[in-house]
Amino acid sequence: MNMFRLAASAALALAATAVSAQQTVKIGFITSYSGLNGNLGPYMERAVRLYLKQHEKDLGGVKVELLTRDDTGPNPDKARQLAQELVVRDKVNLLAGVIFTPNAMAMAPIATEAKVPFVIMNAGTAVITTRSPYMVRTSFTLWQSSYPLGQWASKKYKTAYSLVSDFGPGHDSEEGFSKAFEEGGGKMLGKVRVPLQNPDWAAYMQRVKDAKPDVLMVFIPAGKTATAVMKNFSDLGLGQAGIKLIGPGDVTTDEELPNMGDVALGVLTVHHYSAGATRPQNKAFVAAWKKEYGQNETPNFVAVGAYDGAAIIVDAIKALKGNMDPDKTMEFFKTWKNPNSPRGPISIDPETRDIVQNEYLREVKRVGGQLANVELETVATALKDPWKEFQKKK
Ligand code: PHB
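Here is what the cut-offs are and how they apply
- Residues numbered from 1 in each chain as written.
- Predicted model: local features only at pLDDT ≥ 70, side-chain atom pairs only at ≥ 80, totals over all residues.
- Heavy atoms only, no water.
- Helix = DSSP H or I, 4+ residues; strand = E, 2+ residues; numbered from the N terminus.
- Buried < 20%, exposed > 50% of the residue type's maximum accessible area, 1.4 Å probe, protein only.
- Polar contact = N/O pair within 3.5 Å; in protein donor to acceptor, adjacent residues only side chain to side chain.
- Contact = heavy atoms within 4.5 Å.
- Near = heavy atom within 4 Å.
- Areas by Shrake-Rupley, 256 points an atom, 1.4 Å probe, with all protein chains shown as cover.
- Nonpolar A, V, L, I, M, F, W, Y, C, P; charged D, E, K, R; others polar.
- Domains from an automatic or database assignment.
- Pairing = 2+ DSSP bridges.
- Axes fitted to C-alpha atoms, helices over the stretch in contact; angles between N-to-C directions.
- Buried area = accessible area lost by both parts, 1.4 Å probe.
- Salt bridge = Lys/Arg side-chain N within 4 Å of Asp/Glu carboxyl O.
- Core = buried A, V, L, I, M, F, W, Y, C linked by side-chain atoms within 4.5 Å.
- Expected span 1.5 Å × (residues − 1).

### Describing the side chain of threonine 129
- Residue placement: threonine 129 occurs in the loop between strand S4 (118-120) and strand S5 (135-137).
- According to the relative accessible area criterion, threonine 129 is buried, its value standing at 1%.
- Of the polar contacts made by the side chain of threonine 129, one reaches the side chain of lysine 388; its length is 3.2 Å.
- The contacts of threonine 129, once residues within four sequence positions are left out, are Met135, Arg137, Thr352, Arg353, Asp354 and Lys388.

Quick look at the structure:
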């Protein structure tokens, strides 16, 4: 073989690897399709698929393959095992998804060791993103909703009780709320942490009722658990006793409103996303969702975390032309912004790889015959995770 042919075939071989590397970006997508609140996983997957469908044409021929796996609810061992298989056997370029904090925590070391960027589309405990430099979060933290909720509540109410699910996001919600509420001059009459699965709701609600707070602040994971809280709050007569129910938006999660009934009316929450928000980019998102999945279907905050998670991935693929070098991917993620998310403007904080977003005070009202989280005011603008901000000052 002469030198020319040698060089030419080497160039061809190089080109071939470059092309094949560019052809398909594999995403190991882990979420919950079964177990506790297993109805949430499909919101996440549908949102990713909707975004990919809308933006396929922008990908310059690069294909995206979604390898979907069921972690069966809060189950860190299962999530770790699935992530390991996706990385080692399926050689995914990215990990993504995850409803539950314990699962995201269990996957952190795998992302770090294998250098696989991991886009967290829900799990909201503040500390998660400190566990691996290969994590970025497009959802929320519970401090982002609960801290401004506490600030707002301290101006309206004197006493509060908190009731949270006993795991990471519940602890964050309790701490964020009570810190702000007390800083604002409010008094916490009690704080109770209840088992994540099947707590004895009636007993806990009775305890709160006996303490007679002005407000009960509740965090539970969204989905069916939110409806159980509403039902027990109503059945035990807390509303009649003059206690106001408030919380981060998980407790009035959009998809469960039709199952909650009138007890949800008037519940005030702080959150980053409402399906009922009237900004044009949200109306377009909700309309596209209904067109794709049916007129009676509504996205929720899990869907928006995943929709924006798909957006950051698609933008990275475009910027890197499908060559998903992990460190370059992370550098790209750190500077990402989207002024037009359905939830309003968002960006990634380059220092923490966590989402920066607005928080809205919302009230459940009847709109056109259906219950909706109606945004009343923006209580925080371009808010970074408050927990990380407080850690820096320590
Ligand atoms: C979490 O596990 O981080 C989590 C789960 C459900 C929510 C919020 C946070 O609604």
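### Things to note about unusual backbone geometry
- Even without glycine at this site, lysine 115 takes up a positive phi of about 55°.
- Positionally, lysine 115 belongs in the loop between helix H4 (101-114) and S4.
- With a relative accessible area of 42%, lysine 115 lands in the partly exposed category.
- Backbone geometry at lysine 321 places phi at a positive 50°, although glycine is not the residue there.
- Position of lysine 321 among the secondary structure elements: in the loop between helix H11 (301-320) and helix H12 (326-334).
- Here lysine 321 falls in the exposed class, since its relative accessible area comes to 58%.

### Some points on the site of the ligand
- Not every one of the 14 residues close to the ligand is listed here, only the nearest: Phe100, Thr101, Gly124, Ala222 and Asp250.
- Within the contact set of the ligand, an oxygen atom lies 3.0 Å away from a backbone nitrogen or oxygen of alanine 222.
- In this structure, aspartate 250 approaches the ligand through a side-chain N or O atom, which is 2.5 Å from an oxygen atom.
- Alone, the ligand offers 280 Å² of accessible surface; in the complex the protein occludes 100% of this.
- Split by residue class, the shell around the ligand holds 10 nonpolar, 3 polar and 1 charged.
- Residue contributions to the shell around the ligand reach at least three from each of two domains, namely domain 1 (21-140 + 279-350) and domain 2 (143-271 + 358-393).

### Considerations on the sheet that holds S4
- With parallel pairing, the 5 strands of this open sheet are ordered in space as S2-S1-S3-S4-S5. Each of the sheet's edge strands pairs with one partner strand only, and the pair in question is strand S2 (63-70) and S5. Averaged over all adjacent pairs, the angle separating strand axes in this sheet is 25°, with direction ignored.
- Here S4 pairs with S5 via 3 bridges, running parallel. Across the sheet, residue phenylalanine 118 finds its bridge partner in S5, namely methionine 135.
- Strand contacts of H4: strand S1 (24-31), strand S3 (94-97), S4 and S5, with the helix running at about 160° to S4, the strand carrying the most contacts.

### Digging into the pairing of strand S13 (residues 354-367)
- In terms of burial, S13 is a largely internal element, 10 of the 14 residues being buried.
- Of the pairings in the sheet, the one linking strand S10 (residues 268-271) to S13 comprises 4 bridges and is antiparallel in character. Opposite leucine 268, over in S13, you have glutamate 363 as the bridge partner.
- The sheet contact formed by strand S12 (residues 344-349) and S13 spans 3 bridges and is antiparallel. Note on S13: the bridge partner recorded for isoleucine 348 is isoleucine 355.
- Counting the residues in the hairpin turn of S13 and strand S14 (residues 370-383) gives 2 residues, including glycine 368, whose phi is positive at 55°.

### What about the domain arrangement of the protein chain?
- Under the domain assignment, the protein chain is made up of domain 1 (21-140 + 279-350) and domain 2 (143-271 + 358-393).
- Here domain 1 and domain 2 have C-alpha centroids that lie 27 Å from each other.
- With 25 residues of domain 1 at the interface, the matching set in domain 2 holds 26 residues.
- Carbon and sulfur atoms supply 56% of the area buried between domain 1 and domain 2, which totals about 1900 Å² over both sides.
- Linking domain 1 to domain 2 there are 2 salt bridges.
- Across the pair aspartate 349 and lysine 384 runs a salt bridge whose closest N-O atoms are separated by 4.0 Å.
- Applying the counting criterion to the domain 1 and domain 2 interface returns 10 residue pairs in polar contact (both at pLDDT 80 or more).
- Elements that contribute at least two residues to the side of domain 1 that touches domain 2 include exactly helix H2 (40-55), H4 and S12.

### Quick notes on the nonpolar core
- Leu95, Met121, Phe177, Ile246 and Ile313 are the most contacted members of the largest nonpolar core, which has 92 residues in total.
- Looking at this core element by element, the count peaks at 14 residues for H11.
- Summarising the domain contributions, this core has at least three residues from each of domain 1 (21-140 + 279-350) and domain 2 (143-271 + 358-393).
- Residues Phe233, Leu236, Val251 and Val364 belong to the second largest nonpolar core, which totals 26 residues.

### Overview of the pattern of salt bridges
- Under the criterion given, the structure shown has 22 salt bridges.
- With its nearest N and O atoms 2.8 Å apart, the salt bridge here joins glutamate 174 to arginine 193. Here glutamate 174 is found in helix H6 (residues 168-183), whereas its partner arginine 193 is found in strand S7 (residues 187-194), with 19 residues between them in sequence.
- You can call glutamate 174 buried: its relative accessible area is 7%.

### Remarks on helix H10 (residues 280-293)
- End to end, H10 covers 20 Å across 14 residues, agreeing with the expected 20 Å (1.5 Å per residue, within 8%).
- Buried within H10 are the following residues: Asn282, Phe285, Val286, Ala288, Trp289 and Lys290.

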